[in-house]
Amino acid sequence: MGMIPQRLPVIPLLGFLTSLPYIECEVRQVGGKVEEWTPPSYPKPVISRKTELDMYCYDKLCDPDNLLNDSGRGMIASKIEDFLDHHIKYKYTISSESKENTDEGNVSTVPIEIGVALLQKMDLSSYQDGSNVDAAIMTAAKDFAISIHDSWGVGSVTSDGDTGILLFLSIQDRAFFISKGDFVGFGSVLTDTRIDKIVESAKPLLREEEYSRAILDSIQHIENYLESGPPTIQERGGDFLKINGSFILFAAITSLFMLWNKYVVRNQTRAYAMAQSHLNDIDRGRALALQDRYRSTSCPICLDDFQMNGPVREPQSNDNSSYNSEDHLDNNGSNNNQSMLGSDGLPVKLLRCGHIFDDTCWAEWVSSGSGDIRRCPICQRDVGTDINIVQQQPNNQIEADDRRDQRNHRMVAYERERNFRLMRLARRYPRYIRTDQIQRWTQPNFDDKLATDRSFVQNNPRSNISQNQSNSRSNVQSFGGGSSSGARGGRW
């Protein structure tokens with residue numbers, strides 16, 4: 001007899017055949033060629049399960065690539081049913097005639113539906129141009145979510161808009177979008193900011209491939225928002241800071257920088273004006289010295305003006321006393337004629353050589369070690385030794401050459417004071433008066449005005465600001481942007 005072929009058991013074979021859809025989905029997900037979906041080819045969920053394939057795309061949930069396990073798929077289906085059972089009617093105050101009346105007559109109840117669609121990968125052939133893959137995926141996912149929402153007919157059509165919500169996920173494209181109907185209640189409750197929050201909160205779970213938990217949490221967030229109503233002032237404020245926090249911080253730092261820069265420029269301008277005023281005083285003093293009419297009216301150390309305390313006798317051209325006249329000095333070298341007070345409000349310190357200072361400045365000068373208490377900081381004469389003072393004599397007894405010698409002597413004394421004042425100015429305003437300027441200004445042949453000297457004028461802060469502003473105008477650029485409506489989401 002020939003060999004009788006052994007027949008396969010019927011029940012195991014049927015079990016194997018019934019498991020083919022599941023195996024096919026697993027191969028599509030893991031090892032085989034991934035099917036790329038387009039909106040027209042994506043299945044619609046069925047109302048009743050007629051075949052084994054319907055278990056993956058049933059009622060309000062569609063998972064044709066079998067991305068969820070049975071437990072996760074069951075929890076999501078149960079959550080959607082629970083959502084419909086408890087939130088089939090939401091009350092919103094909708095009145096086209098008057099929004100001020102909120103009695104029961106103006107309250108409408110509307111059914112709200114939610115659906116979930118997920119797939120392994122979208123067909124991006126009509127979106128990719130090779131330039132920006134991320135932008136192509138975002139655009140395709142948004143279009144896919146809107147298209148599935150419309151084709152499924154999620155939500156009810158009411159006079160106040162459609163009331164459906166769809167969650168769409170493309171796993172391999174790593175895209176998650178939420179589409180909502182144009183129901184007026186969604187505009188104030190499911191705001192763009194809240195939808196962005198839902199997507200952001202789901203991203204950590206999606207990265208861990210916890211797709212079921214991500215969908216469940218998203219539905220729960222939607223439920224919470226619908227129950228809580230429109231955002232509170234605190235929530236809006238927090239959202240505003242979260243969205244615009246970087247811009248606000250940048251604007252605040254920029255404003256502080258501008259205020260600080262304005263403060264610095266104002267102080268620099270004031271300092272420059274003060275230095276310019278002192279240089280004008282020095283130029284004016286030199287003109288008076290040439291006329292033999294110069295008299296010190298400010299402290300050479302601090303450069304602040306003395307205070308007048310009564311009439312001051314102006315020296316005459318034939319008055320040889322000027323600084324050296326003994327009627328201004330006592331035996332200690334102090335000024336008995338209290339015609340001037342220092343800028344500190346104290347009697348001025350008049351040395352035997354004739355140079356005059358604020359009493360406080362003189363004390364600080366000596367105590368700081370800047371100078372020798374025995375010598376004048378200007379002329380370096382010994383202030384403790386009497387100097388030869390030319391006594392006033394009748395005009396007819398003074399020879400012309402003697403008068404010329406005395407005038408030359410006073411000019412030399414003034415030049416020393418002028419040089420000392422310039423050095424003090426350089427110490428006080430180093431930004432505008434430098435050592436090389438002092439060296440040039442103190443040359444015997446220098447005869448120009450200090451305040452209008454080119455090396456000083458070019459340091460004017462205002463002129464530098466004007467030049468910088470004119471140079472920056474050509475670098476200004478303008479930027480533009482755009483916005484979108486409909487489904488919102490992102491990539492994880």
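Being a predicted model, the structure only gives us computed values, none of them experimental.

Chemist: What is the right way to look at the sheet that holds strand β16 (residues 488-491) in this model?
Modeler: What links the strands of a sheet is backbone hydrogen bonding, and the strands pair in either a parallel or an antiparallel sense. A sheet is described by the order of its strands in space; here six strands give the open sequence β2-β3-β6-β10-β11-β16, paired in mixed fashion. The two strands at the open ends of the sheet, each matched to only one other strand, are β2 (57-58) and β16. Sheet topology note: the strand β10 (residues 164-170)/strand β11 (residues 175-180) ladder contains six bridges and is antiparallel. Bridge pairing in β11 places Leu167 opposite Ile178.

Chemist: Is there a simple way to explain the confidence of the model for the protein chain in this structure?
Modeler: Low-confidence regions, as indicated by low pLDDT, have predicted coordinates that should not be scrutinised in detail. Of all residues in the protein chain, 71% have pLDDT values of 70 or greater, and the mean over the chain is 75. With pLDDT under 50 throughout, residues 310-338 is counted as low confidence; its partners more than four residues away or in other chains account for 55 contacts.

Chemist: What's the story with the nonpolar core in this structure? I'm lost.
Modeler: Among soluble globular proteins, nonpolar side chains are generally buried collectively. Val116, Ile165, Leu167, Phe176 and Ile222 are the most contacted members of the largest nonpolar core, which has 37 residues in total. Mapped onto this core, the elements with two or more residues apiece are α3 (70-86), β6 (113-119), β10, β11, α5 (184-189), α6 (192-207) and α7 (211-228). Broken down by element, this core gets its largest block of residues, eight residues, from α7. With residues up to four places along the chain from it excluded, the contact list for Phe176 reads Leu167, Phe168, Leu169, Val199, Ala202, Leu206, Ser218, Arg488, Gly489, Gly490 and Trp492.

Chemist: Even after reading the chapter, I still don't get the pattern of salt bridges, so can you show me in this structure?
Modeler: Pairing is possible between side chains of opposite charge, provided their charged atoms come close. Tallying each qualifying case throughout the model produces twelve salt bridges. With its nearest N and O atoms 3.4 Å apart, the salt bridge here joins Lys79 to Glu223. Taken together, the residues Lys79 in helix α3 and Glu223 in helix α7 connect sequence positions 144 residues apart. Here the two residues Lys79 and Glu223 agree in accessibility, since each one is buried. Salt-bridge contacts for Lys121 lead to Asp173; the nearest nitrogen and oxygen are separated by 3.2 Å. Here Asp173 lies in the loop between β10 and β11 and Lys121 lies in strand β7 (residues 121-122), a separation of 52 residues in the sequence. In this structure Asp173 comes out as buried when scored by relative accessible area, which is 2%.

Chemist: I would appreciate a short explanation of the side chain of Ser296 in the present structure.
Modeler: Among the secondary structure elements, Ser296 is positioned in the loop between α8 (233-290) and β12 (307-308). Engagement of the side chain of Ser296 in a polar contact is seen with the backbone oxygen of Ser298, the distance being 3.1 Å. Within polar-contact distance, the side chain of Ser296 engages the side chain of Arg421 at 3.2 Å.

Chemist: Looking at this structure, I do not really get unusual backbone geometry. What am I missing?
Modeler: A negative phi holds for most residues other than glycine; trans holds for most peptide bonds. One non-glycine residue, Glu209, lies in positive phi territory at about 60°. Given a relative accessible area of 58%, Glu209 falls into the exposed group. For Gln380, which is not glycine, the phi torsion reads 65° and is therefore positive. Mapped onto the secondary structure, Gln380 falls in the loop between α9 (359-367) and α10 (400-428).

Chemist: I tried to follow α7 on my own but got confused; where do I start?
Modeler: One turn of the α-helix equals 3.6 residues, which is why residues spaced by three or four share an orientation. In a regular helix each residue adds 1.5 Å, so 18 residues correspond to 26 Å; α7 covers 26 Å between its end C-alpha atoms and thus fits that length. Within the span of α7, buried status applies to Tyr211, Ser212, Ala214, Ile215, Leu216, Ser218, Ile219, Ile222, Glu223, Tyr225 and Leu226.

Chemist: Hey, could you run me through the environment of Asp196 in this one?
Modeler: Along the polypeptide, Asp196 turns up in helix α6. Since its relative accessible area comes to 27%, Asp196 is described here as partly exposed. Separated by 294 residues in sequence, Asp196 and Gly490 place their C-alpha atoms 8.2 Å apart.

Chemist: Before we go on, may I ask you to explain the pairing of β11 in this structure?
Modeler: The side chains of a regular strand alternate, residue by residue, between the two faces of the sheet. Across the six residues of β11, five count as buried, placing the element largely inside the fold. Linkage of β10 to β11, two consecutive antiparallel strands, is achieved through a turn of four residues, within which Arg174 is found at a positive phi near 55°. One ladder, built from four bridges, connects β11 with β16; its direction is antiparallel. Considered in β16, the bridge of Phe176 is made with Gly490.

Chemist: So what exactly am I meant to see when it comes to the packing of α6 against α8 here?
Modeler: Between two packed helices, both the angle of their axes relative to each other and the distance between the axes serve to describe the pair. At their nearest, the axes of α6 and α8 sit 11 Å apart, and the two run at 70° to each other. By the angle class used here, α6 and α8 are roughly perpendicular. Remark: the crossing between α6 and α8 carries left-handed chirality. Residues Thr193, Arg194 and Lys197 of α6 pack against Glu235, Asp239 and Ile243 of α8. Here the residues of the contact of α6 with α8 are counted per class, giving one nonpolar, one polar and four charged.

Chemist: Help me understand the packing of aromatic side chains, please; the structure alone is not making it clear to me.
Modeler: To describe a pair of aromatic rings, one takes the distance between the centres and the angle between the planes. What the rule picks out here adds up to eleven aromatic pairs. Judged by centre distance (4.5 Å) and plane angle (10°), the ring pair of Tyr272 and Phe456 falls under stacked. In this pair, Tyr272 sits in helix α8 while Phe456 sits in helix α12 (residues 454-457), placing the two residues 184 residues apart along the sequence. Accessibility assignment for this pair places Tyr272 and Phe456 in one class, buried.

Chemist: Is there a simple way to think about the state of the cysteines in this case?
Modeler: Simply put, the disulfide is a covalent bond whose two ends are the sulfur atoms of two cysteines. One pass over the structure, following the stated rule, counts one disulfide. Note on cysteine connectivity: Cys57 is disulfide-linked to Cys62, with sulfurs 2.0 Å apart. Across the S-S bond of Cys57 and Cys62 the torsion is about -100°, and the bridge reads as left-handed. The thiol of Cys361 is not disulfide-bonded; the next cysteine sulfur, from Cys302, is found 3.5 Å away. Residue classification places Cys361 among the buried residues on the basis of a relative accessible area of 11%.

Chemist: How do you make sense of the environment of Ala289 when you look at a structure like this?
Modeler: Mapped onto the secondary structure, Ala289 falls in helix α8. Since its relative accessible area comes to 7%, Ala289 is described here as buried. Residues Ala289 and Tyr414, 125 residues apart in the sequence, show an inter-C-alpha distance of 7.0 Å. Dropping the residues within four chain positions of it, Ala289 is found in contact with Tyr294, Met411 and Tyr414.

Chemist: What is the right way to read the packing of α6 against α7 from this model?
Modeler: Interhelical geometry of α6 versus α7 gives an angle of 155° and a closest axis separation of 9 Å. What the angle tells us is that α6 and α7 run roughly antiparallel. Classified by chirality, the crossing of α7 by α6 is right-handed. Residues Arg194, Lys197, Ile198, Ser201, Ala202, Leu205 and Leu206 of α6 form the contact with α7, whose participating residues are Tyr211, Arg213, Ala214, Asp217, Ser218, His221, Ile222, Tyr225 and Ser228.

Cut-offs used in this document
Residues numbered from 1 in each chain as written. Predicted model: local features only at pLDDT ≥ 70, side-chain atom pairs only at ≥ 80, totals over all residues. Heavy atoms only, no water. Pairing = 2+ DSSP bridges. Helix = DSSP H or I, 4+ residues; strand = E, 2+ residues; numbered from the N terminus. pLDDT = per-residue confidence, 0-100. Contact = heavy atoms within 4.5 Å. Core = buried A, V, L, I, M, F, W, Y, C linked by side-chain atoms within 4.5 Å. Buried < 20%, exposed > 50% of the residue type's maximum accessible area, 1.4 Å probe, protein only. Salt bridge = Lys/Arg side-chain N within 4 Å of Asp/Glu carboxyl O. Polar contact = N/O pair within 3.5 Å; in protein donor to acceptor, adjacent residues only side chain to side chain. Expected span 1.5 Å × (residues − 1). Axes fitted to C-alpha atoms, helices over the stretch in contact; angles between N-to-C directions. Parallel < 35°, antiparallel > 145°, perpendicular 65-115°, else oblique. Left-handed = near helix turned anticlockwise from the far one by under 90°. Nonpolar A, V, L, I, M, F, W, Y, C, P; charged D, E, K, R; others polar. Phe/Tyr/Trp six-rings, centres within 6.5 Å; stacked < 30°, edge-to-face > 60°. Disulfide = S-S within 2.5 Å.

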